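So the chains spell out like this:
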Amino acid sequence: MGIDYTAQVKNAEFRRKIYSVSELSFEIRELLERRFIDIWVEGELSNFKASTAGHLYFTLKDNKAQLSAVCFRNAARLLRFKPENGKLFRARGGVSTYEGKYQLIVEVLEPAGLGALQLAFEQLKEKLQKEGLLKLERKRPIPAFPRKIGIVTSPKSAALRDILTVLKRRHNAVNVLIFPAEVQGDGASIQVMEGIDYLSRSTDVDVIIVARGGGSMEDLWPFNEERVARAIVRSLKPVISAVGHEVDFTICDFVADLRAPTPSAAAEIVITSKADLSDRVEQLEGRLIAVMKYRLSGLQGFLANKVGSRGFVVAENRIRRMIQRVDDLAFRLEQLGRAGTFIRTRAHRIEICEQRLSAAIYQRLRKWHQAFAGIAHTLDALSPLAVLERGYAICLTSDGKVIRSAETVDVGQTVKVKLHEGSLSAQITVKE
């Protein structure tokens, strides 16, 4: 019985699946996306790049392999920190392909070993420190007797009740301006920032308290936002940070002019109690009275010793002589006053004579001026310059002699013609 191998080969070729490159890539992608839908990958981050559209591109690697990864804008905007090369991260997402290469599509990215919030906290603190915003010399003093205290917090919070209770107990006449703001959750940092800016612009507010009770790092996070830190820095009024308990630290604590361990402590710090003020005034009053008594007692003893001394008698005699000298000068001044009346009378007569003399001199000068003007007019009429001004000219030889007759010059001779304004040089061509 013969075997038809040709038919078997044709049947085998008919059953064989031949993929195109794109078909195979699609099948691989489908397989990867179904198999690795939601996984966590840990590795060292490198080759970090951020596009202008907000997408993040990087590589996760260990000592044996590396994996390309992309975090698109919608997921990237939820990150509270900036990814840094060389640090260990954990990424959550799914595997897909792009241009024939597989990559991880990251939905969640967090530091390995260090929480995302803690990393964001450290990064912002380092940034503000490099700008010099955490330096002690930038901090402003808290006024000892504020006219009005501004408070940014939730109106329903226990922190506000604690502050108001302490202020009422310490000084019930103090004025308070409250800016209501959410202190937890999305949008809280914006409200806190707006509250600081508003109270900073209030002319009668002298100091601002930013307050919140204790909680987890997530609960206190609005006070770790950069916008709140910037608002505290640009505030025109000193700011006290009273966020959380004594063991809690926020970015607000570092940039504020003063950190209070609790909201109640902030109220204790911001204003001196009325009882303390009264005690202080009484102490100062007692010290002042004692000093004055001591000083007066010393002066009395000094005066008692000096009154009977020879120096005191000499000084008294000098004073008496000076009194007598003043009286003598007063009498002489009175006599000079009577002499002054006589002088003023003579001065008036001299003034009248001066006026008459000035008038006579003026009349004589006027007559001389009129006579001089007449003589000048006659001279102008007889002046040869007046003749020239009427349009006539004077002919002169080259050596400056006046030509009175045509006989005194020759044809071809050069003469000078003087006019009223300027002169001409002319050559004789014809004699008549």
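Reading the values: rules and limits
Residue positions are counted from 1 within each chain, in the order its sequence is given. Totals for whole chains, interfaces and linings use all residues, but because this is a predicted model, local features are given only for residues with pLDDT of at least 70 and pairs of side-chain atoms are given and counted only at 80 or more. Hydrogens and waters are ignored; side-chain quantities use all the structure's heavy atoms. Whether two strands pair depends on DSSP finding at least two bridges between them. The helix and strand labels rest on DSSP assignments: H or I over at least four residues marks a helix, E over at least two residues marks a strand, and numbering proceeds from the N terminus. Fitted lines through C-alpha atoms serve as axes, helices being fitted only where they are in contact, and the angles separating the N-to-C directions of these axes extend from 0 to 180 degrees. Within 6.5 Å between ring centres, the rings of Phe, Tyr and Trp (the latter by its six-membered ring) count as paired, and their orientation is classed by plane angle as stacked under 30 degrees, edge-to-face over 60, tilted in between. Partly exposed describes any residue whose relative accessible area lies between the buried limit of under 20% and the exposed limit of over 50%, with all areas from a 1.4 Å probe on protein chains only and scaled to the type maximum. Here, a salt bridge means any Lys or Arg side-chain nitrogen found within 4 Å of an Asp or Glu carboxyl oxygen.

Student: Is there a simple way to explain the pairing of strand β5 (residues 101-111) in this structure?
Tutor: Moving residue by residue along a regular strand, the side chains alternate between the two faces of the sheet. Of the strand pairs in this sheet, strand β3 (residues 66-71) and β5 are connected by two bridges, and their pairing is parallel. Residue pairing across strands places Ala69 opposite Leu104, the latter belonging to β5. Note that strand β4 (residues 88-98) and β5 share 10 bridges and pair antiparallel. Opposite Gly94, over in β5, you have Ile105 as the bridge partner.

Student: What should I look at first to understand the sheet that holds strand β13 (residues 423-427) in this one?
Tutor: Across the sheet, three strands lie side by side as β11-β12-β13; this open sheet has antiparallel pairing. Either end of the sheet is taken by a strand with one partner, and the two such strands are β11 (394-396) and β13. Shown here is a sheet whose adjacent strand axes are inclined to one another by a mean of 30°, direction ignored. As judged from the three bridges shared by β11 and strand β12 (residues 414-418), these two strands associate in the antiparallel manner. Bridging across to β12, Ile394 finds its partner in Lys418.

Student: I would appreciate a short explanation of the packing of aromatic side chains in the present structure.
Tutor: Geometrically, a pair of aromatic rings is defined through the distance of the ring centres and the angle of the planes. Throughout the structure, instances matching the rule amount to four aromatic pairs. Centre to centre, the rings of Phe81 and Phe89 are 5.9 Å apart; their planes meet at 20°, and the pair counts as stacked. Across the pair, exposure class does not vary: Phe81 and Phe89 are buried alike. For the ring pair Phe179 and Tyr198, a centre distance of 5.7 Å and an interplane angle of 40° mean the geometry is tilted.

Student: Where do I start with the pattern of salt bridges in this structure?
Tutor: Two side chains bearing opposite charge may form a pair once their charged atoms approach each other closely. Applying the stated criterion across every chain yields a total of 15 salt bridges. The shortest N-O distance in the salt bridge between Arg90 and Glu42 comes to 2.6 Å. Of this pair, Arg90 sits in strand β4 while Glu42 is found in strand β1 (residues 39-50), placing the two residues 48 residues apart along the sequence. By relative accessible area, Arg90 is classed as partly exposed at 36%. The residue Arg230 makes a salt bridge to Glu226 at a minimum N-O spacing of 3.0 Å. Taken together, the positions of Arg230 and Glu226, both in helix α7 (residues 226-234) and four residues apart, correspond to about one turn of that helix. Residue classification places Glu226 among the partly exposed residues on the basis of a relative accessible area of 27%.

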